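Structure assessment
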Amino acid sequence: MRLNITSRSIAILLSILVATVLTALAFIAPAMPLQQGVLAAGITIAACFLLLYLMFEALIFREINNIYEGLEHIKRKEFRRMSNKFLFRPEPLKRMRDEILDMAQRKQQEIDELHRLQELRREFLADVSHELKTPIFAAQGFVHTVLEEEEEDGMDAFTRKRFLRKAATSLDALDALVQDLVTISQLEKGVVRMRRQRFDLAQLVRDIFEQLELKAAKRRVTLELRCPDGPATQPMRVLADRNRIRQVLINLIDNAIKYGREQGHVRICLEESGKSIRISVQDDGEGIPKQHQSRIFERFYRIDKSRTRESRDAGGSGLGLAISKHIIEAHKSTIRVQSEPGQGTTLEFKLPRPRVKAVVG
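Remember, it's a predicted structure, so these values are computed and weren't measured experimentally.

1. Brief notes about the overall build of the chain
Counting its regular elements, the chain contains 10 helices and 7 strands. The buried share of the chain, taken over its 361 residues, is 33%. The contacts in the chain between residues at least 6 apart in sequence include a share of 74% that link residues at least 24 apart. Here the chain has roughly 23,500 Å² of accessible surface; of this, 56% comes from carbon and sulfur atoms.

2. Details of the pairing of strand 4 (residues 265–273)
As judged from the 5 bridges shared by strand 2 (residues 222–226) and strand 4, these two strands associate in the parallel manner. By the bridge assignment, L225 is partnered in strand 4 with I268. Once strand 4 ends, the chain turns through 2 residues before running back antiparallel as strand 5 (residues 276–282), passing G274 with a positive phi of about 65°.

3. Some thoughts on the pairing of strand 5
With respect to burial, strand 5 is a largely interior element, 5 of its 7 residues being buried. When strand 4 meets strand 5, the two strands line up antiparallel, connected through 7 bridges. Looking at the pairing, I268 lines up with V281 of strand 5. Direction of pairing for strand 5 relative to strand 7 (residues 345–352): antiparallel, over a ladder of 7 bridges. Residue S280 lies in a different strand from strand 7, and its bridge partner there is E348.

4. Structural notes on the nonpolar core
By size, the foremost hydrophobic cluster in this structure holds 52 residues, and its most contacted members are L201, L249, I253 and L270. When residues of this core are assigned to domains, at least three map to each of domain 1 (127–189) and domain 2 (197–352). Not counting chain neighbours up to four residues away, the residues in contact with I253 comprise I208, F209, L212, L223, V266, I268 and V281.

5. Observations concerning the packing of aromatic side chains
Per the counting criterion, the structure on display carries 1 aromatic pair. Taking 5.7 Å as the distance between ring centres and 90° as the angle between the ring planes, the aromatic pair formed by F142 and F163 counts as edge-to-face. With F142 in helix 4 (residues 92–152) and F163 in helix 5 (residues 157–189), the pair connects residues that are 21 residues apart, well separated along the chain. Residue F163 is classed as buried on the basis of its relative accessible area of 17%.

6. What to know about helix 7 (residues 242–259)
Between its first and last C-alpha, helix 7 extends 26 Å over 18 residues, near the 26 Å set by a 1.5 Å rise per residue. Among the 18 residues of helix 7, 14 are classified as buried, and the element is accordingly described as predominantly covered. Its side-chain oxygen placed 3.2 Å from the backbone nitrogen of N243, D241 serves as the N-cap of helix 7.

Criteria and cut-off values
- By convention here, each chain's residues receive numbers from 1 onward along its written sequence.
- With the structure being a predicted model, the display of local features is reserved for residues of pLDDT at least 70 and the display and counting of side-chain atom pairs for 80 or more, all residues being used for whole-chain, interface and lining totals.
- Only hydrogens and water are set aside; all other atoms, that is, all heavy atoms of the structure, feed into the side-chain values.
- Helix and strand assignments follow DSSP, with helices taken as H or I runs no shorter than four residues and strands as E runs no shorter than two, numbered in order from the N terminus.
- Whether a residue is buried, partly exposed or exposed follows from its accessible area with a 1.4 Å probe, protein chains only, as a fraction of its type maximum: under 20%, in between, or over 50%, in that order.
- The criterion used for residue contact is that any of the two residues' heavy atoms lie within 4.5 Å.
- Computed with the Shrake-Rupley method and a 1.4 Å probe, the accessible areas treat only the protein chains shown as cover for residues.
- The pairing criterion for strands is at least two bridges between them, as found by DSSP.
- Residue types Ala, Val, Leu, Ile, Met, Phe, Trp, Tyr and Cys, when buried and joined through side-chain atoms within 4.5 Å, form a set referred to as a nonpolar core.
- The domain boundaries here were taken from an automatic or database domain assignment.
- Pairs were defined over the aromatic rings of Phe, Tyr and Trp, the Trp ring being its six-membered one, requiring ring centres within 6.5 Å. Orientation was assigned from the angle between planes: stacked under 30 degrees, edge-to-face over 60, tilted for the rest.
- For a helix, the expected span equals 1.5 Å multiplied by the residue count minus one.
- Pairs of N or O atoms are called polar contacts if they sit within 3.5 Å, as long as, within protein, a hydrogen donor faces a hydrogen acceptor (for residues adjacent in sequence, only side-chain-to-side-chain pairs).

In structure tokens:
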């Protein structure tokens, strides 16, 4: 059972104690020799000091422990252990103040991080609604136009088919956006597993060149594969998820074609680097300013509005780089950006090479 002792109770108790001692001395002192009187006074002072000190310390430390018990819910593992250490140790109030200030600083950092995440969430919801609205409104407009003209018999079959084809294109873009949103959500949750296998990275790049050659031809961009360690036809084997790496390379090369200089070059370099293969995708476009380089892998992040229009017209969802970042990180690697305004952009990452089995002779 805990006693509810307050500072007022201690003050009253001490007053009674001191008054009792002084009264007793007043009666006894006249009959005592001087030497014994001085000794009795010294003992009385020491006893009062000791009692006062112990009661004062007990009250303060009890209150300190009460505070720590209240903070225990916030810092459960540390404060109970520390409250026992604080009893009868020097400068307990200073130690407690330092701990509370330290905890308050950490909580403020957590609050700032929550505010940042809330702002990112608002931006993401605004971007998603905007990106979804564009293809939906486009498809809706084309379909309603066909329906209205059908009622008035004012649209020929060729025009009707053209409008329906545009509506289908908008719906395809909407489907691609939704699929990308599902993919990035699964990657962030760690649901998607990387199915690692051995494959020839150089051959994969050549296959992607064939897939994107028409898009490159429209901008008169030359696609080039370079292998400093040997001819471009030499196999460059890696151990990775082939389909996911294909997705990454398509995103990076497509962006390089889209934002590079017309009649320019897009170079893919495959270079051995210890136990890894370094892959770099380089364009000769306008480059990316320093303040944007750390954010280009965020979902729907655009450097400027003109890029937003270009990407939308080309069927981009704004999620390609974000998805690529998560895929490469799932392979225990990182995409790095090297860019200077007016000097193009290089994106590079590494993939592990398969282990060479030892031949037993």
